[in-house]
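Architecture at a glance
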Amino acid sequence: MVKLYETGAYLVNGTELVLDNETASQELAAKGVKTSKDEARKGTMGYKILQEHNTSDDAENLKIKFDKMTSHDITFVGIIQTARASGLTEFPIPYVLTNCHNSLCAVGGTINEDDHMFGLSAAKKYGGIYVPPMQAVIHQYAREELAECGKMILGSDSHTRYGALGTMAIGEGGGELAKQLLGRTYDVKMPGVVAIYLDGEPAKGVGPQDVALAIIGATFKAGYVKNKVMEFVGPGISKLSTDFRIGVDVMTTETTCLSSIWKTDEKTKEWYDTHFRPEAYTELNPESVAYYDGVVYVDLSKVRPMIALPFHPSNTYTIEELNANLTDILHDVEEKAKSQLNGDVAFNLTNKIRDGKLYVEQGVIAGCAGGGFENICDAADILKGRYIGSDEFTLTVYPASMPIMMELTKNGRAATLLETGAVIKPAFCGPCFGAGDTPANGALSIRHSTRNFPNREGSKIQNGQISSVALMDARSIAATAANKGYLTPATDLDVEYTGPKYFFDKNIYDNRVYKGFGKADASKELKFGPNIKDWPEMPALTDDLMLKVCSVIHDPVTTTDELIPSGETSSYRSNPIGLAEFTLSRRDPEYVGRAKAVQAVEKLREEGGCVGKAYPEIKDMMQIVKTKFADKCAHDIGFGSVIYANKPGDGSAREQAASCQKVLGGWANIAKEYATKRYRSNLINWGMLPFLIEEDAGFEIDDYIFVPGVREAVANKAEKITAYIVNKDMKEITVTLGDLTDDERQIIMDGCLINFYRH
């Protein structure tokens, strides 16, 4: 089904793969090819697009300027506030503000709608594009209105992926978008490019989520495409509709790749024609010879309906495999969950087996991954003439945009779904991050959405609640709904898929979306709701640091959902101090109190108080420090908190995973590695030191870590930094910072991106 090549490979004429081994030169010569590996690297689509957007003369250290940007209502307030504090006067490129995350106003009074009004006022003042709530989810609007072949888009959402439309898109934290708004660049080393070679044709009933989950399951754990560009090539692409390609592409985020790009063809052209943007199409192909740093070979004909069981999109099985080994597989998931859930709640899946079959309580087809036109039409074909029943099972469908909703209404598929007992709701991302359709305690939801981390379905572990999500394709969700909750792959049903043509109604956006790019009006005032707060002052990096370990996480991977929860916290995203109260609330509820206690020490120091006198614990620590550094005094040392985690930052691009730590006085993370570039970038942009350590040093909560000369080490690009765990004595450890640009070093020394621009 999916094979990972152990070496790189040359792609010749877009179809023939030649392994990079001792016989490669002979094979290439036999095909009449004369090239070097370095030259062939330049033949990928990814290389060409990145270099076309690189503003530096250095082909390895890129300084990218994007063509367009997009944000949603969880992130755009903080981004605009950051840029505004740094001197923003006008949006220099088209910047779309969608309202698809905080769309519901059921929590927090007027908070969410206040954010929307802030966004509209910012679009008027700075010249932006404003998409009102329920009109479209962020990525569907970007596909329909922003994507262009050969262009690049930056988004403040991790699933910013438009490669299937020939657009290289990257999801990052808000700091990177603020840089673009202020005329700066996205700085990154030239990434490796991995070929995703598609061959064959999917079986009837197999959908894009099935292909995506098969790829994620094969690549994530191995880190095969981490921080690389996934380039989709091969003869199998021509067998896929554009909607199908989009459904695969959006899930590439879950592999931890940097971006994605696909070859384009007549089907891509037809898609742009349908959306009244023929000028956006250009044929994209790799050169006649292109070199890839790896190959993921996918035989589409062998992909079967897939399921990703809790609690990660890479925890994949074929549905047939699961149904054949229910007890063993579900018991294994339960055992793994004990560690991930920290023993806080009882988690059970085997109790859902009845008469040898797995029954689920809920199905959801939603968002940027599931809410596409073809997914919903195929689901309607499967359910036509069937009923979901009157028991526990429910089915909810969220079309990804109002134009899709309109066409489903016109062609009758909406009526077909409603007749089955399903519920159709407007465009909203809530089911993807825990702000909609929360199932009952203990229930299992199957969803064609993007993630299935703990609490992504909306339950609250801290309140003793636990339900969970398994990811599946819309077709198998519909097949399961047709069997009233019995887990069923779509390939088990004999269905005639009608494949209706899609007609895009552009009047919906023309009449409702505020399109103000190029029309900035400085006289317009921003509208601030009472929950919208400015960023607090951030201190600059001191010469020396004393860090207190306020949380230790030994899980193999720590998600951004664990660092700052999604769902109910989203209403506070425009209030940095209010949101910070939720930091690590699901993973380590005592963290906030510990971090605040260290922050109080630093505030007293900044005010000129005697911290040793006020805090006997600090006096004791300093006495130990003085045994090795006699000249060090507490009033000259910065005090802050630090988190240790093996591999933090998988998942969302939300910058608040880092900014909340900084708001609480955090100065660093220590990790063996960072799960994604975007989380590490968020740390840097909020002035946090992204320390790396080779081996777990046995950190314990309440340990102190003294880092002498840290500012000098950052400024002088020290390869290694010596620090000391201060407990009853001083244990020497070595940390590193990894690659940092000169600007990134200065951001850390200044204390955050805002300070950097002020200076």
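The structure we're discussing is the one just above.
Residues numbered from 1 in each chain as written. Predicted model: local features only at pLDDT ≥ 70, side-chain atom pairs only at ≥ 80, totals over all residues. Heavy atoms only, no water.

**Quick look at the overall build of the protein**
Secondary structure assignment for the protein yields 29 helices and 34 strands. Compactness check: the protein gives a C-alpha radius of gyration of 26 Å against a globular reference of 27 Å for 759 residues, within 12% of the reference. Structurally, the protein occupies a C-alpha span of about 80 × 65 × 60 Å along its principal axes. Each of the 759 residues in the protein was classed as buried or not, and the buried ones make up 64%. Residue pairs at least 24 apart in sequence account for 76% of intrachain contacts in the protein once pairs closer than 6 positions are excluded. (Helix = DSSP H or I, 4+ residues; strand = E, 2+ residues; numbered from the N terminus. Rg over C-alpha atoms; globule rule 2.2 N^0.38 Å. Buried < 20%, exposed > 50% of the residue type's maximum accessible area, 1.4 Å probe, protein only. Contact = heavy atoms within 4.5 Å.)

**Side note on the pattern of salt bridges**
It is possible for side chains of opposite charge to pair when their charged atoms get near one another. Under the definition given, this model contains 38 salt bridges. When the shortest N-O distance is used, the salt bridge between Asp437 and Lys425 registers 3.3 Å. Pair noted here: Asp437 is in the loop between helix H17 (430–433) and strand S23 (444–448) and Lys425 is in the loop between strand S22 (423–424) and H17, with a separation of 12 residues, a long-range link. Here Lys425 falls in the partly exposed class, since its relative accessible area comes to 28%. The residue Asp742 makes a salt bridge to Lys717 at a minimum N-O spacing of 2.9 Å. Of this pair, Asp742 sits in helix H28 (residues 742–750) while Lys717 sits in the loop between helix H27 (710–715) and strand S33 (721–726); the two residues are 25 residues apart in sequence, bridging distant segments of the chain. Given the relative accessible area of 46%, Lys717 is considered partly exposed. Residues joined by salt bridges that share partners form a network here, namely Glu145, Lys506, Asp510 and Lys515. (Salt bridge = Lys/Arg side-chain N within 4 Å of Asp/Glu carboxyl O.)

**A closer look at the sheet that holds strand S7 (residues 129–131)**
Read from one edge of the open sheet, 6 strands run S9-S8-S5-S6-S7-S25, paired in mixed fashion. Unpaired on one side and paired on the other, strand S9 (168–171) and strand S25 (514–515) mark the two borders of the sheet. Pairing of strand S6 (residues 95–98) with S7, which is carried by 3 bridges, proceeds in the parallel orientation. By the bridge assignment for S7, Val96 is matched with Ile129. In this fold helix H4 (residues 76–85) packs onto strand S5 (68–71) and S6, with an angle of close to 140° to the strand it touches most, S6. (Pairing = 2+ DSSP bridges. Axes fitted to C-alpha atoms, helices over the stretch in contact; angles between N-to-C directions.)

**A word on the side chain of Asp703**
Inspection of the secondary structure assignment puts Asp703 in the loop between strand S31 (689–692) and strand S32 (704–707). Although Asp703 lies buried, it forms no salt bridge, and the closest oppositely charged side chain, Lys731, sits 8.1 Å away as judged by the N-O distance. Setting aside residues no more than four positions away along its own chain, Asp703 makes contact with Leu547, Lys548, Val549, Gly698, Ile725 and Asn727. (Lys, Arg positive; Asp, Glu negative; His and termini not counted.)

**Digging into the packing of helix H8 (residues 208–219) against helix H9 (residues 242–249)**
Put simply, H8 and H9 touch, their axes get as near as 8 Å, and they point 35° apart. Every pair of crossing elements has a handedness; the one defined by H8 and H9 is right-handed. Facing H8, whose interface residues are Pro208, Val211, Ala212 and Ile215, H9 presents Phe244, Gly247 and Val248. Of the residues assigned to the contact of H8 with H9, the class counts are 6 nonpolar, 1 polar and no charged. (Left-handed = near helix turned anticlockwise from the far one by under 90°. Nonpolar A, V, L, I, M, F, W, Y, C, P; charged D, E, K, R; others polar.)

**Topic: the sheet that holds strand S13 (residues 259–262)**
Within the open sheet, the 5 strands sit side by side as S1-S15-S11-S12-S13. Their pairing is mixed. The outermost strands of the open sheet, each flanked by one partner alone, are strand S1 (2–4) and S13. Across the sheet, the mean angle separating the axes of adjacent strands is 20° when strand polarity is ignored. Where S1 lies against strand S15 (residues 294–299), 3 bridges are found, and the strand directions are antiparallel. Paired with Val2 across the two strands is Val298, which belongs to S15. This element, H8, spans S1, strand S11 (193–199), strand S12 (229–233) and S15 of the sheet and lies at about 30° to S1.

**Comments concerning unusual backbone geometry**
Note the cis peptide between Pro310 and Phe311, where omega equals 5°. Structurally, the position occupied by Phe311 is in the loop between strand S16 (306–308) and strand S17 (316–318). The phi angle at Asn13 is positive, at roughly 55°, despite the residue not being glycine. Within the secondary structure, Asn13 sits in the loop between strand S2 (9–12) and strand S3 (16–19). By relative accessible area, which is 52% here, Asn13 ends up exposed. One non-glycine residue, Thr256, lies in the positive phi region at around 70°. Residue placement: Thr256 occurs in the loop between H9 and S13.

**Points about empty space enclosed by the protein**
Applying the stated criterion across every chain, the model contains 6 cavities of 30 Å³ or more. In this model, the largest cavity occupies a volume close to 220 Å³. In this structure, the largest cavity is lined by 22 residues; those nearest its centre are His72, His101, Asp157, Phe433 and Arg456. Its volume calculated, the second largest cavity comes out at about 110 Å³. Lining the second largest cavity are 15 residues, with Asp243, Ile246, Gly247, Gly372 and Asn375 positioned closest to its centre. Every element with two or more residues in the lining of the second largest cavity is listed here: helix H6 (138–146), H9, helix H13 (367–370) and helix H14 (373–383). When residues in the lining of the second largest cavity are grouped by element, the largest group, 4 residues, is from H9. (1 Å grid on protein atoms, 1.4 Å probe; cavity = no way out; pocket = protein on both sides within 12 Å on 5 of 7 lines; lining within 4 Å. Points joined across faces, edges and corners; volume = space filled by probe spheres on them.)

**Focus on the pairing of strand S30 (residues 666–671)**
Here is the key point about a regular strand: its side chains alternate between the two faces of the sheet. Among the 6 residues in S30, 6 count as buried, and that is most of the element. As defined by bridge partners, strand S28 (residues 637–645) adjoins S30 across 5 bridges and the pair is classed as parallel. Looking across to S30, one finds that Ile643 is bridged to Asn669. Here 4 bridges tie S30 to S31, and the two strands are oriented parallel to one another.

**Quick word on the environment of Asp437**
Judged by its relative accessible area of 16%, Asp437 is buried. Separated by 283 residues in sequence, Asp437 and Leu154 have C-alpha atoms that sit 29 Å apart. When residues no more than four places from it in sequence are discounted, the contact partners of Asp437 are Gln362, Val364, Thr396, Tyr398, Lys425, Pro431, Arg447 and Glu457. Among the polar contacts listed, one links the side chain of Asp437 to the side chain of Thr396, at a separation of 3.2 Å. (Polar contact = N/O pair within 3.5 Å; in protein donor to acceptor, adjacent residues only side chain to side chain.)

**Looking at helix H10 (residues 266–274)**
Taken together, the buried positions of H10 are Thr268, Trp271, Tyr272 and Thr274. The arc that holds the buried residues of H10, viewed along the axis, is 160°, so those residues lie on one side. Among the structural elements, H6 and H9 are those in contact with the buried residues of H10. Sitting at the amino-terminal end of H10 is Asp265, which places a side-chain oxygen 3.0 Å from the backbone nitrogen of Lys267. (Arc of directions from axis to C-beta.)

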